[in-house]
Amino acid sequence: MSSAAATPPSVDKVDGFSRKSVRKAKQKRSQSSSQFRSQGKPIELAPLPLLKDVPTPEQPELFLQKLQQCCTVFDFMDTLSDLKMKEYKRSTLNELVDYVTVSRGYLTEQAYPEVVKMVSYNIFRTLPPSESNEFDPEEDEPTLEASWPHLQLVYEFFIRFLESQEFQPSIAKKYIDQKFVLQLLELFDSEDPRERDYLKTVLHRIYGKFLGLRAFIRKQINNIFLRFVYETEHFNGVAELLEILGSIINGFALPLKAEHKQFLVKVLIPLHTVRSLSLFHAQLAYCIVQFLEKDPTLTEPVIRGLLKFWPKTCSQKEVMFLGELEEILDVIEPTQFVKIQEPLFKQISRCVSSPHFQVAERALYYWNNEYIMSLIEENSSVILPIMFASLYRISKEHWNPAIVALVYNVLKAFMEMNSTLFDELTATYKSDRQREKKKEKEREELWKKLEDLELKRGLRSDGIIPT
Amino acid sequence: MAGADGDDSLYPIAVLIDELRNEDVQLRLNSIKKLSTIALALGVERTRTELLPFLTDTIYDEDEVLLALAEQLGNFTMLVGGPEYVHCLLPPLESLATVEETVVRDKAVESLRKISHEHSPVDLEVHFEPLVKRLASGDWFTSRTSACGLFSVCYPRVSSTVKAEIRQHFRTLCSDDTPMVRRAAASKLGEFAKVLELEYVKSDIISLFTALASDEQDSVRLLAVEACVSIAQLLPQEDLETLVMPTLRQAAEDKSWRVRYMVADKFSELQKAVGPEITKNDLVPAFQNLLKDCEAEVRAAAANKVKEFCENLPEDSRETIIMTHILPCVKELVSDTNQHVKSALASVIMGLSTILGKDNTIEHLLPLFLAQLKDECPEVRLNIISNLDCVNEVIGIRQLSQSLLPAIVELAEDAKWRVRLAIIEYMPLLAGQLGVEFFDEKLNSLCMAWLVDHVYAIREAATCNLMKLVEKFGAEWAQNTIIPKVLGMANDPNYLHRMTTLFCINALSEACGQEITTKHMLPVVLKMSNDQVANVRFNVAKSLQKIGPVLDSNSLQTEVKPVLEKLASDQDIDVKYFAQEAISVLALA
């Protein structure tokens, strides 16, 4: 819906040849938010004495003054303007970072709103548009934040403030509220990985210290993910948010609340459908496994979900899915395995016969996993018939000798597991194929008859059938 | 009953349902796509009593299958027995309207909208409206999102009590907890406003509009801009200032560039909706700001609208506004740092000449055109070239060519072949306006040089260009100026150039007529039948087929036929094929 509005029509597609090469040639880009630009006058800040140079009782007041000075933001796209003042703010921020780390008794109640105000003025900004329309995080250099020299110190200061022994969430919660958190979450879309890394720590601290904000944070992350999956497919901070969620899930109390289960099934599983899955797949798989370790009964819906969204055309994603599935199987309980084995091995059988050798290879590696092997062995009477036809065919047909060799091993393993069944299946292989062919033919005939009927009726009722 | 002839007994529903349950997704998809066939086989009654309940209850499937199902059901009215029974389709569509996948949901809503028109007013209240209400108060955001698209289709045909309920539901969704639902509501706000009575537009819609336009999420705010167009069209002029303008002004200066982009993108629509007075007072300064915006995306969107905006300005003050307010901004954009901005401007800037007239164009616009023609970015140059004709109409080709010729000559050798291509396509027009002499002097050599370009598309266009030139200047001119050069290439060491000779002959023979073709072209073609390269030889066969109709029967029999027969026994399979084809087309067998 809104994605079309957010990405202006591409103009650089006129010449199809130059796209990537031209982009490659560009130097590292850096950007700054819109609001900092286009102001005229130079900025003047009156220098203040160092905190350590004034008597302790005067320090809180000076601390506030310095915070106020640091609310001034500079235009870093203009590399020539306000050089002196930029340097002054940088050293002041450095001083503030040190001060909150070592000092005691500086955190008066008046300081809280000022700290939050200073942080808000500096970090909250509308992120600029992405330089390239189809930003490919694997291919393109990220756009770096121009004001990083200040921004980094502000983040550093804020984290020290949140971690400070004197920090009292009961006072801070008046200022670090839902609106604050919402703006913080929006910043996770920053293209600059350094910024996202700091944001991760900040959000983690806030989640840890403000119990009242936890549900809100989870809900907003939900919304970001849903928008990402179903509306825009664009959000830079998915991996970072998932990393935080990984440890949040770790801390969930048992039994799991319905809200959390819904999050797993309706948000985390659909995240697998996104094109850029590779950028956050490790973190996502970690979250999924965390859930399953908490509550094994979720295994069935999770695996069914993965099967539903199984990649149809993207082999790389298929390999990722197989990797994740193995992680799940590593922790699966035998009782859960039995519930899901049929649809699961139908899919694995398809993967094993994939013409893409990496997919086939990844699937065949399951037979090197001792735990999975033991599960297969226990249920060989169910799994072998599902797998047999594919394995038999590949052993004769696959183009890649390495795959054929692996398949031989798997067949050998099956033979050792259940030789009677194996022999039976070998004997009936041919007649089974013929039966399938016959069924196929019957289907075709059925549809043909139906179509004739449609034609006949269509003629008779004079165009009643919509086409 | 439709199934009374006994056909349906052949196809028990179990078999069909089996097909819909097949393990192979592709087969399920095929069956779903032929759902109308299945329904037809079952007849209307069994479709209602057996097929639809099955679809409603048991289908949990891949999104692709669901999408096909959602689409099919929109066309099902006749298959369930006509409008009288159309409400039977609501249950499966209702559950499809709640699924996660946006594409499926949107399709289900589309189908629901479609069949809503087939409901009688009574059925609408008894069956359809309760469904909308259920969706609007669903737990998960998806059903509420879908509900947003259904209010406007049932509102006009229900009683005033139900209308009040619908308005209330819409209001609730506009302040929904999840931004997804607010976005859906915002995107349907304009559409909903259109079906409301004016008093409710003023009392309800405006407050919703204002609220959505100041939502905390920019993705919601930008959708309110779209609604702004529809709302402004509905209100009487005297109310616009108080009800709409404060919000619009705020959107044009929003802190998020996405919202400003949206304003820029919808600027012409907004301009038309608010009328000339407000345009003069409010939109002109707003447009100036957008043209000077700090984000290139916004500037590019605004630059795209320059021509339309100027065109739609009130006539009495148009020229003054453009000259004093818009043109200075446009001048700056010509040297913008961002190529997309320049390129967007280049695609519309030429249109200003018709609005400003000859003198202003020559004095103010021409320097800008020339600057853009020399821009470092090929897209900018290309956009200028492809719109030269509108300037041409205003200031005449003489004036244009004098100023532009050096630039055109330079672009004719541009490194980007698409730029060269655009220039070639402009050649016939230029030639026609400039006359033979001027053309021979300045442009002829360029046209010939393109024939040996290393890009095929350019050689092809150059060939086509020659044909158009000959149509303009006549056969005699062709014989004197271009044919010798074209035929000379037949001896070129590069076989691609030799083939170009053939392609030119194909294109020119008709325009040049029988005499020139027989006397000058045919001998060359025939001689080339001995070429070492098979591609040249089979193109000889093709050329002969092409120029055959222009030749007299004598040359066909005595000259063409032997050569084609020789080629028909060539070693190369393609040469043989095309020679045989030519023989049969020319009836020489």
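All figures in this text were calculated on a predicted structure; none of them were measured in a lab.

**Some thoughts on the overall build of chain B**
Now for step 1: Tallying secondary structure elements over chain B gives 34 helices and 0 strands in all.
Now for step 2: Taking 589 residues into account, the globule formula puts the C-alpha radius of gyration at 25 Å, and chain B, at 34 Å, lies well above it.
Now for step 3: When its C-alpha atoms are laid out on the principal axes, chain B stretches across 90 × 75 × 35 Å.
Now for step 4: Every one of the 589 residues in chain B was classed for burial, and the buried ones make up 59%.
Now for step 5: For chain B, the share of sequence-separated contacts (at least 6 apart) that also reach a separation of at least 24 residues comes to 68%.

**Remarks on the environment of I583 of chain B**
Residues and elements named next belong to chain B.
Now for step 1: By secondary structure assignment, the location of I583 is in helix 34 (residues 573-585).
Now for step 2: The sequence separation of I583 and M489 amounts to 94 residues, and the corresponding C-alpha distance is 26 Å.
Now for step 3: With near-sequence residues (within four places) excluded, I583 lies in contact with L564, E565, A568, L588 and A589.

**Some details on helix 31 (residues 495-528) of chain B**
Residues and elements named next belong to chain B.
Now for step 1: Between its terminal C-alpha atoms helix 31 stretches only 11 Å, short of the 50 Å expected from 34 residues at 1.5 Å a residue.
Now for step 2: The sharpest bend along helix 31 reaches about 130° and sits at G513.
Now for step 3: Its side-chain oxygen 2.8 Å from the backbone nitrogen of L496, N494 forms the N-cap of helix 31.

**Digging into the nonpolar core**
Inside soluble globular proteins, nonpolar side chains tend to come together where they are buried.
Now for step 1: In this structure, F63, I206, F225, L268 and F414 of chain A are the most contacted members of the largest nonpolar core, which totals 366 residues.
Now for step 2: The element best represented in this core is helix 31 of chain B, accounting for 13 residues.
Now for step 3: Each residue touching F414 of chain A, except ones within four places of it in the same chain, is listed here: W367, I376, I383, L384, M387, L391 and F422 of chain A.
Now for step 4: Counting 7 residues, the second-largest nonpolar core is a separate cluster that includes I43, F74, F76 and Y88 of chain A.

**Focus: the confidence of the model for chain B**
All names here are of chain B.
Now for step 1: Per-residue confidence for chain B averages 87 on the pLDDT scale, and 96% of its residues sit at or above 70.
Now for step 2: Between residues 1-8, whose pLDDT stays under 50, and residues either more than four places distant or in other chains, the model counts 13 contacts.
Now for step 3: For this predicted complex, the interface score ipTM comes out at 0.79, while the overall pTM is 0.78.

**Some remarks on helix 23 (residues 378-385) of chain B**
Now for step 1: Here helix 23 of chain B lies mainly inside the structure; 8 of its 8 residues are buried.
Now for step 2: Of the residues making up helix 23 of chain B, those classed as buried are P378, E379, V380, R381, L382, N383, I384 and I385 of chain B.

**Some points on the UniProt feature "domain: Phosphatase 2A Regulatory Subunit A helical" (unreviewed entry) in chain B**
Now for step 1: Under the UniProt annotation, "domain: Phosphatase 2A Regulatory Subunit A helical" (unreviewed entry) lies at residues 89-270 of chain B.
Now for step 2: The span residues 89-270 of chain B shows a helical share of 79% and a strand share of 0%, and its end C-alpha atoms are spaced 39 Å apart.

**Looking at the packing of aromatic side chains**
Now for step 1: Per the stated rule, a full pass over the model turns up 37 aromatic pairs over all chains.
Now for step 2: Relative to F210 of chain A, the ring of F167 of chain A has its centre 6.1 Å away and its plane inclined at 75°; by these criteria the two rings are edge-to-face. Here the residue F167 of chain A occupies a position in the loop between helix 6 (148-163) and helix 7 (169-172), and F210 of chain A occupies one in the loop between helix 9 (193-209) and helix 10 (214-232), the gap between them amounting to 43 residues.
Now for step 3: Residue classification places F167 of chain A among the buried positions, given a relative accessible area of 8%.
Now for step 4: Given the relative accessible area of 4%, F210 of chain A is considered buried.
Now for step 5: Taken together, a centroid distance of 6.1 Å and an interplanar angle of 70° make the contact between W367 of chain A and F414 of chain A edge-to-face. Taken together, the residues W367 of chain A in the loop between helix 17 (357-364) and helix 18 (370-378) and F414 of chain A in helix 20 (residues 401-417) connect sequence positions 47 residues apart. There is no split in this pair, since W367 of chain A and F414 of chain A are both buried.
Now for step 6: Between R433 of chain A and the ring centre of Y429 of chain A, over which it is positioned, the NZ or CZ distance is 4.5 Å.
Now for step 7: The ring of Y200 of chain B has R167 of chain B lying over it, and the distance from NZ or CZ to the ring centre is 3.4 Å.

**A closer look at the side chain of N465 of chain B**
Residues and elements named next belong to chain B.
Now for step 1: Turning to its location among the elements, N465 is positioned in helix 29 (residues 456-473).
Now for step 2: Residue N465 is classed as buried on the basis of its relative accessible area, which comes to 3%.
Now for step 3: Apart from the residues within four sequence positions on either side, N465 is in contact with I424, M427, P428, C447 and W450.

**Re the packing of helix 16 (residues 257-265) of chain B against helix 18 (residues 296-304) of chain B**
Residues and elements named next belong to chain B.
Now for step 1: At a minimum axis separation of 8 Å, helix 16 and helix 18 run at an interaxial angle of 5°. Relative to helix 18, helix 16 is oriented roughly parallel. On helix 18, the residues that touch W257, R260, Y261, A264 and D265 of helix 16 are E297, V298, A301 and A302.
Now for step 2: Taken together, the residues of the contact of helix 16 with helix 18 sort by class into 6 nonpolar, no polar and 3 charged.

**A closer look at the side chain of S219 of chain B**
All names here are of chain B.
Now for step 1: Topologically, S219 is positioned in helix 13 (residues 218-234).
Now for step 2: When its relative accessible area of 1% is taken as the criterion, S219 is described as buried.
Now for step 3: A distance of 2.7 Å separates polar atoms of two side chains, one belonging to S219 and the other to R183.

Calculation notes
Residues numbered from 1 in each chain as written. Chains lettered and ligands numbered in written order. Predicted model: local features only at pLDDT ≥ 70, side-chain atom pairs only at ≥ 80, totals over all residues. Heavy atoms only, no water. Helix = DSSP H or I, 4+ residues; strand = E, 2+ residues; numbered from the N terminus. Rg over C-alpha atoms; globule rule 2.2 N^0.38 Å. Buried < 20%, exposed > 50% of the residue type's maximum accessible area, 1.4 Å probe, protein only. Contact = heavy atoms within 4.5 Å. Expected span 1.5 Å × (residues − 1). Bend = angle between axes of the 7 residues up to and from the residue. Polar contact = N/O pair within 3.5 Å; in protein donor to acceptor, adjacent residues only side chain to side chain. Core = buried A, V, L, I, M, F, W, Y, C linked by side-chain atoms within 4.5 Å. pLDDT = per-residue confidence, 0-100. UniProt positions renumbered as here; feature names shortened; annotations may be inferred. Phe/Tyr/Trp six-rings, centres within 6.5 Å; stacked < 30°, edge-to-face > 60°. Lys NZ or Arg CZ within 6 Å of the ring centre and 35° of its normal. Axes fitted to C-alpha atoms, helices over the stretch in contact; angles between N-to-C directions. Parallel < 35°, antiparallel > 145°, perpendicular 65-115°, else oblique. Nonpolar A, V, L, I, M, F, W, Y, C, P; charged D, E, K, R; others polar.

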